[in-house]
Every structure is written in structure tokens, then in C-alpha cells.
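Coordinate analysis (summary)
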Amino acid sequence: MSIKNDLFLKALRNETVERPPVWMMRQAGRYLPEFRALRDKYDFFTRCQTPELAAEITVQPIRIVKPDAAILFSDILVVPQAMGIEVLMKESVGPFLPNPIRTAQDVEQVRIPDIHESLGYVMDAIKLTKEMLNDEVPLIGFAGSPWTIFCYAVEGKGSKSFDTAKGFCFSQPEAAHALLQKITDTTIAYLKEKVKAGVNAVQVFDSWGGMLSPVDYQEFSWKYINQIVEALAPETHVIVFGKGCWFALNDMAQSKASALGVDWTCSARNARYLSGGKITLQGNFDPSRLLSPIPTIKKMVHQMIDEFGKDNYIVNLGHGILPNIPVDHAKAFIEAVKEYK
């Protein structure tokens, strides 16, 4: 079956388009009243682990704000969970891992899971979502980068600087690399199963890549992301999004990734220059900017498209949409792209 609106896939294939495709990171999120209604009824991991709920949440934004692609509702931390690392979601704290990994012995106890046994619910959610989408738009699957998962596993919670995680890398590099490799192997197997289950592309989120210096980024993050890209590129389109990782765009552009995500601190011109000008770029509207008046949003979106160019470009935010964004403003962001001439 071909997908009715395949603009997103065309952009990933570097084909010429009338207008660029658009979707938003965290588009299935708390800014939607329909999402909040389900959040009030079911806790976070129940929503991730119940295919009917995950599928419903995934398609909500497709009905309401109408982007050109859906992204499966899930979380990057289902991977460490499957590896036997306990992950809790605490209200207003976010992720909390009661037993962080701090020693080589801890690393040894982390297992590489059987994906079907531990993450089968994600594949069920994909199949159900594909049915509900009825080939209207493509479906994106995702995973966190090994470094970003490592940050949570070692730090035990979110952090502004992840000093404990970085300290572990620098004081116990062998153990750190062993853990990063286990996460990488699990993630490759996980994403391959997602592709089999029916996703049309995958995105790797390196949310905390920008915490590392360019040299350390190569050793502790990019090396592992690139293993994922190499393993998945023969099977699907891979998008790599490194928050704060403008310095790695050149290396990323030489990989087999189909597209690279850019955040709002890197201009379109710099992103095109650093990535060599050919690879598809995705981004990079500041999520807070969606609080601007609607006419301003539309004007800025058109400027952004002019700067990136309509081809080899996917319009997105520079990170996830914020919970306090009015739905009308999210709709205006999407509409501005659809109105682009």
C-alpha cells in the first residue's frame, strides 16, 4: 500500500516537493486537551504499554493539528526498562531511576533483552496505529541515542549537566563503553523490530549530546549512533537529532542518515554549511516561539522555510512542543507550512 500523503518520505529521499513536510516533536503531548484527558485516567507507562492507548494518542494530533507524519507515542526510557533498569515517572520530577549504574559490576548485570518478550507491546502499538492511520501519513518510530539513555541510567534522573554520567565515562571508560555498547545492541534490535512492525522511518534522539565536547562526543555518542545508522539504513530512513550538537553536523552528514535534526540555536545557513548542503535537514523553530501571536508564527515559519529552502527540508520544532502552547498556535504552525508558496 502506498501512503496517500508521502511528502515526508519524499523529503527523506531528496525528491523535489511543492512544499516541505511538517511534523512536531512531542506532537502527541500535553498541549492537547484530548491527551490530558487520557493522562488523567492512566499513568505514564500504562499509556506506553497499552497498545490501544498508545495508538489512540499517536493519531490524536493527526486528527487535530494535521501534520504530515505521525510519531509513535512511547518513551526513550522503555529501552533501559527492558534491559532490567528500573525506571519510574514521577509527577513534576520526570524520569527517576532508583538504582543508577555506578560500577563495572552494575554494568555487567544489565541485560540485552529479547525484544519480543520485553517490548512486544510497542510492536503491537505500531500495528494498531498503522491500521488507524489507514495509510494517510507515514509513521515514525524512535529511540534515544545510547549516550542519552546512558545519561539517565547513570545519573538516575534528569540533570542540567549530567556531571555524574560524564564522570563515569572519564573515570571508568571501559565500563562506560561496555554499557554504551549494550544499549546500542538493544536499540538496533529494537528499531529493526519496529521497521518489521511497519514504521516508515526512525529517529534517534540525542537529547543530551550537547553536554559533551566535540572530541568526547565522537567517543561516547556519535560512534554508537553511527552503529545504529549503519545497521538501520539498509532497511529504512534514519533521522538523527542531536540537541546542541551543531559541531557534529559535518560527521553526521557523511553517514548513511537520511536527515539530520537541528535545534534553534543553529541558523539554517550554518546548518546547511556544516552539513555540506545536500542532506535533508529537519527543524528548527524555537518551541517557545509558538507563544508568539499567530501572525508572527506564520511569518517566522515562512522565513524559516525561505532560509532552509523548500527541498531537502522537513519543517519541525528545534525540540519538543511545550505543554503550555495553545492548540490554535500549534495548528497555525502546521498551516503556515501548508500555505507556503
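Residues numbered from 1 in each chain as written. Predicted model: local features only at pLDDT ≥ 70, side-chain atom pairs only at ≥ 80, totals over all residues. Heavy atoms only, no water.

1. Considering the overall build of the protein
Helices and strands together make up the secondary structure of the protein, namely 15 helices and 9 strands. Its C-alpha atoms give the protein a radius of gyration of 19 Å, near enough to 20 Å, the size a compact globule of 341 residues would have. Principal-axis analysis of the C-alpha atoms gives the protein an extent of 60 × 45 × 40 Å. Taking contacts inside the protein between residues at least 6 apart in sequence as the whole, the part at least 24 apart equals 74%. When the accessible surface of the protein is totalled, it reaches about 14000 Å², and 50% of it is carbon and sulfur. (Helix = DSSP H or I, 4+ residues; strand = E, 2+ residues; numbered from the N terminus. Rg over C-alpha atoms; globule rule 2.2 N^0.38 Å. Contact = heavy atoms within 4.5 Å. Areas by Shrake-Rupley, 256 points an atom, 1.4 Å probe, with all protein chains shown as cover.)

2. With respect to the packing of aromatic side chains
Tallied over the full model, the rule gives 14 aromatic pairs. Ring centres 5.5 Å apart and planes at 80° place the aromatic pair F142 and F205 in the edge-to-face group. Placement of the pair is F142 in strand β4 (residues 139–144) and F205 in strand β5 (residues 201–206), with a sequence separation of 63 residues. A relative accessible area of 9% places F142 in the buried class. Plain terms: the ring middles of Y217 and F247 are 5.4 Å apart, the flat faces sit at 85° to each other, and that makes the pair edge-to-face. Placement of Y217 in helix α11 (residues 214–232) and of F247 in the loop between β6 (237–242) and α12 (249–253) is noted, with a sequence separation of 30 residues between them. Taken together, the ring pairs in this structure connect F35, F44, F45 and F73 into an aromatic cluster. K194 extends its terminal NZ or CZ atom over the ring of F142, reaching a point 5.0 Å from the ring centre. (Phe/Tyr/Trp six-rings, centres within 6.5 Å; stacked < 30°, edge-to-face > 60°. Buried < 20%, exposed > 50% of the residue type's maximum accessible area, 1.4 Å probe, protein only. Lys NZ or Arg CZ within 6 Å of the ring centre and 35° of its normal.)

3. Overview of the UniProt feature "domain: Uroporphyrinogen decarboxylase (URO-D)" (unreviewed entry) in the protein
UniProt marks residues 21–30 and 140–156 with the feature "domain: Uroporphyrinogen decarboxylase (URO-D)" (unreviewed entry), using the numbering shown here. Strand forms 0% of residues 21–30 and helix 0%; the C-alpha atoms that close the span are 23 Å apart. Between the end C-alpha atoms of residues 140–156 the distance is 28 Å, and the span holds 59% helix and 29% strand. (UniProt positions renumbered as here; feature names shortened; annotations may be inferred.)

4. Some thoughts on the pairing of β5
Within β5, 6 of the 6 residues are buried, leaving the element largely enclosed by the surrounding structure. Judged by which residues are buried, β5 turns out to be covered on both faces: A201, Q203 and F205 on one side and V202, V204 and D206 on the other are all buried. Bridge count between β4 and β5: 5 bridges; the pairing is parallel. The residue of β5 that forms the bridge with G144 is F205. Across 6 bridges, the pairing between β5 and β6 is parallel. Note that in β6 the partner of F205 across the bridge is F241. (Pairing = 2+ DSSP bridges.)

5. A closer look at helix α15 (residues 327–338)
Since the α-helix turns once every 3.6 residues, residues separated by three or four places project in the same direction. Over its 12 residues, α15 runs 17 Å from end to end, which matches the ideal 16 Å to within 8%, given 1.5 Å per residue. Along α15, the residues classified as buried are V327, H329, A330, A332, F333, I334, A336 and V337. Those residues of α15 that are buried are in contact with α2 (33–41), α4 (51–64), β8 (280–285), α14 (294–308) and β9 (313–317). (Expected span 1.5 Å × (residues − 1).)

6. Considerations on the UniProt feature "site: Transition state stabilizer" (unreviewed entry) in the protein
Those places that UniProt annotates as "site: Transition state stabilizer" (unreviewed entry) correspond, in this numbering, to D75. As for its position among the elements, D75 is in the loop between β1 (70–71) and α5 (78–82). Every residue in contact with D75, bar those within four places of it in the chain, is listed here: F44, C48, M89 and F142. At 2.8 Å, the side chain of D75 and the backbone nitrogen of L77 are in polar contact. (Polar contact = N/O pair within 3.5 Å; in protein donor to acceptor, adjacent residues only side chain to side chain.)

7. Re the pattern of salt bridges
By the definition in use, this model includes 13 salt bridges. R13 is paired through a salt bridge with E15; the nearest N and O atoms lie 2.6 Å apart. You can call R13 partly exposed: its relative accessible area is 37%. E230 is paired through a salt bridge with K256; the nearest N and O atoms lie 3.0 Å apart. Here E230, found in helix α11, pairs with K256, found in the loop between α12 and β7 (259–261); they are 26 residues apart in sequence, far enough to count as distant. Classification of E230 by relative accessible area gives partly exposed; the value is 36%. Judged by relative accessible area, which is 48%, K256 ranks as partly exposed. Residues joined in a network through salt bridges with shared partners are D6, K10, R13 and E15. (Salt bridge = Lys/Arg side-chain N within 4 Å of Asp/Glu carboxyl O.)

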